[in-house]
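Overview (structure and organization)
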Amino acid sequence: MNLHDEAAKVLLGNWRGHNTIPAPGLYPHQWSWDSAFIAIGLRHLSPLRAQRELESLFGAQWADGRVPHIVFDPSAPREGYFPGPDFWRSEQVNGPMHADTSGIVQPPVHALAAWEVFTADPETARRRGFLERLYPRLVSWHGYLRRSRDLGGRGLVSIVHPWESGMDNSPSWDVPLQRVEPVPAGEFRRRDLEHADASERPTDVDYGRYVRLAATYRDHGYADRLDVHEFAAEDPLTNALLAASEDALARIARELGESPQPHEEEVARLRDALSLLHADGLFHSFDVHGGSLIRGGSVAGLVPLVVPGLPQAQELVDTATGPRFRVDELGLAPSYDLTDPLFDPSRYWRGPAWFNITWLLQRGLTDHGANELARALRGGMLEAASRSGFREYVDPRTAEGRGAHHFSWTAAVVLDLLITT
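This report concerns the structure included in the present document.

Procedures and definitions
Residues numbered from 1 in each chain as written. Predicted model: local features only at pLDDT ≥ 70, side-chain atom pairs only at ≥ 80, totals over all residues. Heavy atoms only, no water. Helix = DSSP H or I, 4+ residues; strand = E, 2+ residues; numbered from the N terminus. Rg over C-alpha atoms; globule rule 2.2 N^0.38 Å. Buried < 20%, exposed > 50% of the residue type's maximum accessible area, 1.4 Å probe, protein only. Contact = heavy atoms within 4.5 Å. Areas by Shrake-Rupley, 256 points an atom, 1.4 Å probe, with all protein chains shown as cover. Lys, Arg positive; Asp, Glu negative; His and termini not counted. Charge placed at Lys NZ, Arg CZ, Asp CG, Glu CD. Phe/Tyr/Trp six-rings, centres within 6.5 Å; stacked < 30°, edge-to-face > 60°. Lys NZ or Arg CZ within 6 Å of the ring centre and 35° of its normal. Core = buried A, V, L, I, M, F, W, Y, C linked by side-chain atoms within 4.5 Å. Pairing = 2+ DSSP bridges. Polar contact = N/O pair within 3.5 Å; in protein donor to acceptor, adjacent residues only side chain to side chain. Axes fitted to C-alpha atoms, helices over the stretch in contact; angles between N-to-C directions. Parallel < 35°, antiparallel > 145°, perpendicular 65-115°, else oblique. Left-handed = near helix turned anticlockwise from the far one by under 90°. Expected span 1.5 Å × (residues − 1). Salt bridge = Lys/Arg side-chain N within 4 Å of Asp/Glu carboxyl O.

1. Quick look at the overall build of the protein chain
- Across its full length, the protein chain holds 17 helices and 10 strands.
- A globule of 421 residues ought to have a C-alpha radius of gyration of about 22 Å, and the protein chain, at 20 Å, matches this closely.
- Judged by the C-alpha coordinates and their principal axes, the protein chain covers about 50 × 50 × 45 Å.
- Counting all 421 residues of the protein chain, 64% fall into the buried class.
- Counted over contacts in the protein chain with a minimum sequence separation of 6, partners at least 24 positions apart contribute 70%.
- Surface exposure of the protein chain reaches about 15000 Å², of which carbon and sulfur atoms provide 48%.
- Both charge centroids of the protein chain, one from 42 positive and one from 57 negative side chains, sit 3 Å from each other.

Structure follows, in structure tokens:
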């Protein structure tokens, strides 16, 4: 079986009738930014399924516009994943008829995905009113982030939980998390360790802090006030993907006969605001409580390459190809600085390479004219997928697989690379 067919088998095998799970066992529900990347790949197999992937996710959108990071499958055991629906208690906000969800969010890559899904089969999308129905929901989602999450007052979105960054245990969060008292490990049961090696997952102390932050948010009715949150950070990846998705919304608006100008203005505003996070050839998160940049080496600092017309693009290319990331040699993007003592090639977001992030960088490099480097990343991802199978993440130096098997967004971006590049 060739790589295309193997990737298709993963995506079709993880389809659950209206959405795709990230992987069997460890991830039995629908995850927000996973579904966006999955839709980008799924469009090459079934544009209709790709549309339904996004429609299913946005069917669980909250009244305030937020898109929750997990939509729980009612057919799955309620205690099969922690924190599950009984922990989040979303029905207390949304009512009993609303889908059970978490209360936090993930990076806003959805409008970008929606546009790519539309282009795969415009005729079917127009006939079904796909963009007409999704566009106002995407606008509401972005509006929530702008309206409720500018906790630092600097025009940038703040995340209020490490899980919201998508990079749960990145070393970038070590310092701000020190102010959070962890819930003792004996007071909750981690389900992830039933499916994955503990050496490849966040520690119990990390998890205890995640639980504390989530419980505090829940107990305050998911209020977006700075005094509620011990953790608040302006994350470059989140803000860069918001800008890229605003650019996609401008394209969607044109398709629908709406004015693209508000979205184009938002791209320009975010591009300017992101400069507040730039230093030393990389973008860094900003600790809102501490009032300073969290200087480090997260690959999130390279993701602003997806922002159209980014003035700092060449600096990011230089950093990406330097000793800290060596993407030109590896063909993959380590999730953390290779030269930093905190780099760990096996532990989740503290070093391993992830296919969705490398795909974003490949896309951004192409958009900024760094075509040779983009081709190197394309080749690196395809080689890593061939060698390791469709694993959740890999050692960036050896491409040895880590984490979950049969991982959907790995298969999705591989399909996209095979067909569109």
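2. Points about the packing of aromatic side chains
- Scanning the model with the defined rule gives 25 aromatic pairs in all.
- Judged by centre distance (5.7 Å) and plane angle (70°), the ring pair of Tyr-348 and Tyr-393 falls under edge-to-face. Here Tyr-348, found in the loop between helix 14 (327-330) and helix 15 (355-367), pairs with Tyr-393, found in strand 9 (residues 393-394); they are 45 residues apart in sequence, far enough to count as distant.
- Geometrically, the ring pair formed by Trp-349 and Trp-354 is stacked, given 3.9 Å between the ring centres and 5° between the ring planes. Both residues of the pair, Trp-349 and Trp-354, count as buried.
- The ring centre of Tyr-348 lies 4.5 Å from the NZ or CZ of Arg-201, which sits over that ring.

3. Here's the deal with unusual backbone geometry
- For the bond running from Phe-82 to Pro-83, omega is -5°, close enough to zero to count as cis.
- Mapped onto the secondary structure, Pro-83 falls in the loop between strand 2 (70-71) and helix 4 (85-88).
- Positioned with a positive phi, Asp-280 is a non-glycine residue whose angle comes to about 60°.
- Relative to the helices and strands, Asp-280 is located in the loop between strand 5 (278-279) and strand 6 (282-283).
- You will see that Tyr-348, though not glycine, has its phi angle at about 55°, which is positive.
- What makes Tyr-348 buried here is its relative accessible area of 5%.

4. Focus: the nonpolar core
- Grouped together as the largest cluster of nonpolar side chains are 139 residues, with contacts concentrated most on Trp-33, Val-303, Ile-357 and Trp-359.
- Considering every element that reaches this core, the biggest residue donor is helix 11 (residues 236-255), with 10 residues.
- Once residues lying within four places of it in the same chain are set aside, the contact partners of Trp-359 are Phe-37, Ile-40, Leu-112, Met-381, Val-413, Asp-416 and Leu-417.

5. Side note on the sheet that holds strand 8 (residues 292-294)
- Taken together, 4 strands build an open sheet; the order of strands is 3-4-7-8 and the sheet is antiparallel. In this open sheet, the two strands that pair with only one neighbour each are strand 3 (158-159) and strand 8.
- Note: strand 3 against strand 4 (residues 233-234), 2 bridges, orientation antiparallel. Across the sheet, the residue bridging to Ile-159 is Ala-233, located in strand 4.

6. Considerations on the environment of Phe-325
- Residue placement: Phe-325 occurs in the loop between helix 13 (313-321) and helix 14.
- Here Phe-325 falls in the buried class, since its relative accessible area comes to 0%.
- As a C-alpha pair, Phe-325 and Gly-65 span 260 residues in sequence and 36 Å in three-dimensional space.

7. Some thoughts on the side chain of His-278
- Positionally, His-278 belongs in strand 5.
- Side chain to side chain, His-278 and Glu-315 meet in a polar contact 3.4 Å long.
- Apart from the residues lying within four places of it in its own chain, the contact partners of His-278 are Phe-283, Gln-312 and Glu-315.

8. Some remarks on the packing of helix 2 (residues 32-42) against helix 3 (residues 47-58)
- In the contact formed by helix 2 and helix 3, the axes pass within 8 Å of each other and the chain directions differ by 165°. Comparing their axes, helix 3 and helix 2 come out roughly antiparallel. Crossing geometry of helix 2 relative to helix 3 is assigned as left-handed. In this structure, helix 2 contributes Ser-32, Ser-35, Ala-36, Ile-38, Ala-39 and Leu-42 to the contact, and helix 3 contributes Pro-47, Arg-49, Ala-50, Glu-53, Leu-54 and Leu-57.

9. Some words on helix 8 (residues 130-148)
- Counted at 1.5 Å a residue, the expected span for helix 8 with its 19 residues is 27 Å, and the 27 Å between its end C-alpha atoms agrees.
- Buried residues of helix 8: Phe-130, Leu-131, Leu-134, Tyr-135, Leu-138, Trp-141, His-142, Gly-143, Tyr-144, Leu-145 and Ser-148, and no others.
- Along its buried surface, helix 8 packs onto helix 3, helix 6 (110-120), helix 7 (122-128), helix 10 (204-219), helix 11 and helix 12 (261-274).

10. Examining the pattern of salt bridges
- Following the criterion strictly, the structure yields 33 salt bridges and no others.
- In this structure, the salt-bridge partner of Glu-194 is Arg-189, at a minimum N-O distance of 3.0 Å.
- Taken together, the shared-partner salt bridges in this structure form one network comprising Asp-64, Arg-66, Arg-149, Glu-164 and Asp-224.

11. Concerning the side chain of Asp-73
- Assignment of secondary structure puts Asp-73 in the loop between strand 2 and helix 4.
- For the buried Asp-73, no salt bridge is present, and the opposite-charge side chain at shortest range is Arg-16, 5.8 Å distant.
- A polar contact of 2.7 Å, which involves the side chain of Asp-73, links it to the side chain of Ser-75.
- Residues contacting Asp-73, with those up to four places away along its chain left out, are Pro-28 and His-29.

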